Amino acid sequence: MNAVEIDDIHKSFPGHWGRGGVYAVKGVSLSIPEGGVYGLIGPNGSGKSTIMKALVGLLRPDAGHCLVFGNPATSAANRREIGFLPENPYFYKFLTGAETVRFYGRLCGLRGRQLRQRTDEMLEIAGLTEAADRRLGGYSKGMLQRVGLAQALVQQPRLLVLDEPTAGVDPIGSRAIRDIILDLKQRGMTVFLCSHLLEQVQEICDRVGILYQGCLIAEGSIDELTRDHRRTEITLRDASPELLDKLRTLAGDAWESAVPARNSLETVFLRGIRAKLQEQKAAEAARKAAEAKKS
């Protein structure tokens, strides 16, 4: 069974002051297997946060459905199964790190010794043990994001949903969050995240979906998305300059491999958007030509 099943969901929002509405998500379908890390990337306004909010039950799609471990996303049974870190979490700055994690643990039904133990464990995973008794008002952006991860994990969820977990975080803090996600992956947790940091997504995700204007324009494993069949890379082991000139015919045992070259995830991302824009321009030109022909 997949951890997440999103089937043909649509979502629109009404406009302000009688203006036209916004179609945020248009028929997106994707699946996330248990124990994997799935990355959703796309420009601002492409529908990433809308999909994540639908998945954690914060809004209902106009059509289609989201399942989490076989249950509807809005089911109360999922509350203990999902940990969520929104893009801009708000925490009470007068609380300490430990008090914050305990607060969210109580909201999830934890009490007594179990709550204390889980709080200590989560602060250790987040690398905040030494800062546990400091007020959040003195935390850096990266530390606040790690507190957010700790509170999202305190009830031992099976699915962790992260909306821009490294937004506004410096490279060191971003690397720390990346390491936490990789550690969770090793523990078998399912992680669903969106991020603007394409290199980071490429490094930690098993599968990636690319969103543009509410549509899923590309989806697959990192290997599938970044492979370029038009080019081939040749790797030689301990090759001299003379051997490089003669290439494969004279390489002998030094010949290592010949595999499809790979594009960066950023290249795949931008190429997909350019193709979509060209498709839209062609459709618009065809529409105008049809209207001109009628008139």
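Per an unreviewed UniProt entry, the protein chain goes by ABC transporter ATP-binding protein and derives from Candidatus Akkermansia intestinigallinarum. Turning to the protein chain, the UniProt record has this under Sequence similarities (unreviewed entry): "Belongs to the ABC transporter superfamily."

Caption draft 1: Representation of the environment of Pro-89 within the structure. Tracing the chain through its elements places Pro-89 in the loop between β6 (82–85) and α2 (97–107). Residue class for Pro-89 comes out partly exposed when judged on its relative accessible area of 22%. Along the backbone, Pro-89 and Pro-165 are 76 residues apart, and their C-alpha atoms lie at a distance of 10.0 Å.

Caption draft 2: Layout of the packing of α2 against helix α3 (residues 112–125). Running from amino to carboxyl end, α2 crosses α3 at an angle of 125°, the nearest separation of the two axes being 9 Å. By the angle between their directions, the pair α2 and α3 is classed as oblique. Relative to α3, the crossing made by α2 is right-handed. In this structure, α2 uses Gly-97, Ala-98, Val-101, Arg-102, Gly-105 and Arg-106 to contact α3, whose residues at the interface are Leu-115, Thr-119, Met-122 and Leu-123. Residue composition of the contact of α2 with α3, by class: five nonpolar, three polar and two charged.

Caption draft 3: Up close: α2. Listed in full, the buried residues belonging to α2 are Gly-97, Ala-98, Thr-100, Val-101, Tyr-104 and Gly-105. Down the axis of α2, the sector holding all buried residues measures 165°, keeping them to one side. Of the surrounding secondary structure, the elements contacted by the buried residues of α2 are α3 and α4 (141–153). Once α2 finishes, Gly-109 follows within two positions and takes phi at roughly 95°, a positive value.

Caption draft 4: Just the sheet that holds strand β1 (residues 2–13), in detail. Taken in spatial order, the four strands line up as β2-β1-β4-β5 in an open sheet, and their pairing is antiparallel. Here the strands that pair on one side only, and so sit at the sheet edges, are β2 (22–33) and β5 (71–72). Bridge count between β1 and β2: nine bridges; the pairing is antiparallel. Along β2, the bridge assignment pairs Glu-5 with Ser-31. Sheet contacts for helix α1 (residues 48–55): β1, β2 and β4 (63–68); angle to β1, the most-contacted strand, approximately 120°.

Caption draft 5: Structural context of the packing of α4 against helix α5 (residues 171–186). Contact geometry for α4 and α5: axes closest at 10 Å, N-to-C directions at 20°. Here α5 runs roughly parallel to α4, going by the angle between their axes. As for the relative orientation of α4 and α5, their crossing is right-handed in sense. Together, Gln-145, Arg-146, Leu-149 and Leu-153 of α4 and Ala-176, Ile-177, Ile-180 and Leu-184 of α5 make up the contact between the two elements. Within the contact of α4 with α5, the residues separate by chemical class into six nonpolar, one polar and one charged.

Caption draft 6: Looking closely at unusual backbone geometry. Notably, Asp-8 is not glycine yet its phi reads approximately 50°, a positive angle. By the element assignment, Asp-8 lies in strand β1. We note that Gln-156 has phi near 60°; this positive angle belongs to a residue other than glycine.

Caption draft 7: Expanded view of the sheet that holds strand β10 (residues 215–221). Taken in spatial order, the six strands of this open sheet run β6-β7-β8-β3-β9-β10, and their pairing is mixed. Across the chains shown, the open sheet's two edge strands, defined by having one partner strand only, are β6 and β10. Each neighbouring strand pair of the sheet contributes to a mean axis angle of 15°, computed without reference to strand direction. Two elements, strand β3 (residues 37–41) and strand β8 (residues 190–194), share four bridges in a ladder whose sense is parallel. Paired with Leu-40 across the strands is Cys-194, a residue of β8. Running over the sheet, α4 touches β6 and β7 (159–163) and is turned about 165° from β6.

Caption draft 8: Representation of the pairing of β3 within the structure. Burial analysis of β3 places five of its five residues in the buried class, the great majority of the element. Alternating positions in β3 separate into two faces, Val-37, Gly-39 and Ile-41 on one and Tyr-38 and Leu-40 on the other, with burial throughout.

Caption draft 9: Looking closely at the packing of aromatic side chains. The final tally for this structure, using the stated rule, is six aromatic pairs. An angle of 70° between the planes, with centres 5.7 Å apart, marks the rings of Tyr-38 and Phe-192 as edge-to-face. Of the two residues, Tyr-38 is situated in strand β3 and Phe-192 in strand β8; the sequence distance between them amounts to 154 residues. For Tyr-38, a relative accessible area of 1% translates into the label buried. For Phe-192, a relative accessible area of 0% puts it in the buried group.

Rules of the game
- Residues numbered from 1 in each chain as written.
- Predicted model: local features only at pLDDT ≥ 70, side-chain atom pairs only at ≥ 80, totals over all residues.
- Heavy atoms only, no water.
- UniProt positions renumbered as here; feature names shortened; annotations may be inferred.
- Helix = DSSP H or I, 4+ residues; strand = E, 2+ residues; numbered from the N terminus.
- Buried < 20%, exposed > 50% of the residue type's maximum accessible area, 1.4 Å probe, protein only.
- Axes fitted to C-alpha atoms, helices over the stretch in contact; angles between N-to-C directions.
- Parallel < 35°, antiparallel > 145°, perpendicular 65-115°, else oblique.
- Left-handed = near helix turned anticlockwise from the far one by under 90°.
- Contact = heavy atoms within 4.5 Å.
- Nonpolar A, V, L, I, M, F, W, Y, C, P; charged D, E, K, R; others polar.
- Arc of directions from axis to C-beta.
- Pairing = 2+ DSSP bridges.
- Phe/Tyr/Trp six-rings, centres within 6.5 Å; stacked < 30°, edge-to-face > 60°.

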